[in-house]
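Each chain is listed here by its residues.
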Amino acid sequence: MARLSGLQRDVLTLYRRCLRACRTKPTETRANFERFTRKEFGKNMALDKKDFGTIEFLLRKGTRQLEIYEQAGVRNIAG
Amino acid sequence: MFRAAILRAARTASQSAVRAQRPAFQRITQTPFLQSRISTPATSISAIRCYASSSGLGQDEVTGRIMDLLKNFDKVQDQSKLSASSHFTNDLGLDSLDTVEVVMAIEEEFSIEIPDKEADAIHSVSQAVDYIMAQPDAH
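Since the structure is predicted, the reported quantities are computational estimates derived from the model, not experimental observations.

Peer 1: Please provide a residue-by-residue account of the nonpolar core, values included.
Peer 2: Ile66, Leu70, Phe88, Ile106, Phe110 and Ile132 of chain B are the most contacted members of the largest nonpolar core, which has 26 residues in total. Looking at this core, the elements that each hand over two or more residues are helix 4 (59–71), helix 5 (96–109) and helix 7 (125–133) of chain B. Among the nonpolar cores identified, the runner-up in size contains 14 residues, and Leu7, Tyr15 and Cys18 of chain A together with Met104 of chain B belong to it.

Next comes the structure, spelled out in C-alpha cells:
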C-alpha cells in the first residue's frame, strides 16, 4: 500500500476507535453499530484526498458523533 | 471386610510414615535395597510445570485461522487469490478501511490488542502471521 498521509492515518485511527467502541455494545446490537460505522465512512469514500478542509471537518464531526454514540446509554442504533 | 481393609491400609501407612521420619543416620545401617525403597518418597516425583511457557501456537495454525477469518470476510473479492502470502490490497482488493477491519478481526481472534502503529504496518497475511507469532500472549 502507498504511504498514507497524516490525514489519511487520522481517518483510519478514527475508524479503529469506532470499531473498538462497537465492541463495548451489547452482542445483539453490535452488528447494527458496525453497519452504521461502515455506512458513515462509506458515504464520503469518493471524497478527493486533497480536499483537506472537508476531511478535517468530517473528522471532527465523526469524533463528536463517536463520543455521543459510545456512551453506555446508547444500546442500539438504526441504519 | 471393608473395615478390615481400611484398618490394614491405615496401619501400613502409619508404619511407612514412621519409617520415613527416621533420622538419616539410622538408614546407613539398613540394607541397600531397603534404603533405596524409602529414600525416594512419592512427593518428590512431582514434575515441574511451567505455567508461563508459551501456548505453542504453530505457524500453520495461525495461518489457518487468519485464512478462515478472511474467507468469512464478505469484502474479499477474489477468494481464489487467498493464500498464505496474499497482500490485502493488491491480491484481495481490500481498501485501507477494510484492512483496518481485518486487523481488528485478527485482534479479536487471538485475544490481543495491536497498537495503532503496528496495526498500520500489517498489509498482508504473512505480516499478520509474523506479528502474531511474535506475541507471547496471543492464543
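Peer 1: Report on helix 1 (residues 6–23) of chain A, specifying residues and quantitative values.
Peer 2: If you check helix 1 of chain A, its first and last C-alpha atoms are 26 Å apart, about what 18 residues at 1.5 Å a residue would give, namely 26 Å. Taken together, the buried positions of helix 1 of chain A are occupied by Leu7, Leu12, Leu14, Tyr15, Arg16, Cys18, Leu19, Ala21 and Cys22 of chain A. Buried residues along helix 1 of chain A sit in contact with helix 2 (30–43) and helix 3 (52–69) of chain A together with helix 5 and helix 6 (116–120) of chain B.

Peer 1: So, empty space enclosed by the protein: which residues are in play, and what are the values?
Peer 2: The final tally for this structure, using the stated rule, is one cavity of 30 Å³ or more. The space that makes up the largest cavity amounts to roughly 80 Å³. The wall of the largest cavity is formed by twelve residues, among which Leu12 of chain A together with Thr99, Val100, Ala119 and Asp120 of chain B lie closest to the centre. Put simply, the parts of the chain that give the lining of the largest cavity at least two residues each are helix 1 of chain A together with helix 5 and helix 6 of chain B. Counting residues per element, the lining of the largest cavity draws most heavily on helix 5 of chain B, which supplies four residues. Among the residues forming the lining of the largest cavity, the class breakdown is seven nonpolar, three polar and two charged.

Peer 1: Can you explain the pattern of salt bridges? Please cite residues and give values.
Peer 2: What the rule picks out here adds up to 13 salt bridges over all chains. Among the salt bridges present, the one from Glu101 of chain B reaches Arg38 of chain A, with a minimum N-O distance of 2.9 Å. Of the two residues, Glu101 of chain B sits in helix 5 while Arg38 of chain A sits in helix 2, which places them in two different chains. Glu40 of chain A is the salt-bridge partner of Lys43 of chain A, the closest N and O atoms lying 2.8 Å from each other. Taken together, the positions of Lys43 of chain A and Glu40 of chain A, both in helix 2 and three residues apart, correspond to about one turn of that helix. One salt-bridge network, in which partners are shared between bridges, spans Arg38 of chain A together with Lys75, Asp98 and Glu101 of chain B.

The rules behind these values
- Residues numbered from 1 in each chain as written.
- Chains lettered and ligands numbered in written order.
- Predicted model: local features only at pLDDT ≥ 70, side-chain atom pairs only at ≥ 80, totals over all residues.
- Heavy atoms only, no water.
- Core = buried A, V, L, I, M, F, W, Y, C linked by side-chain atoms within 4.5 Å.
- Buried < 20%, exposed > 50% of the residue type's maximum accessible area, 1.4 Å probe, protein only.
- Helix = DSSP H or I, 4+ residues; strand = E, 2+ residues; numbered from the N terminus.
- Expected span 1.5 Å × (residues − 1).
- Contact = heavy atoms within 4.5 Å.
- 1 Å grid on protein atoms, 1.4 Å probe; cavity = no way out; pocket = protein on both sides within 12 Å on 5 of 7 lines; lining within 4 Å.
- Points joined across faces, edges and corners; volume = space filled by probe spheres on them.
- Nonpolar A, V, L, I, M, F, W, Y, C, P; charged D, E, K, R; others polar.
- Salt bridge = Lys/Arg side-chain N within 4 Å of Asp/Glu carboxyl O.

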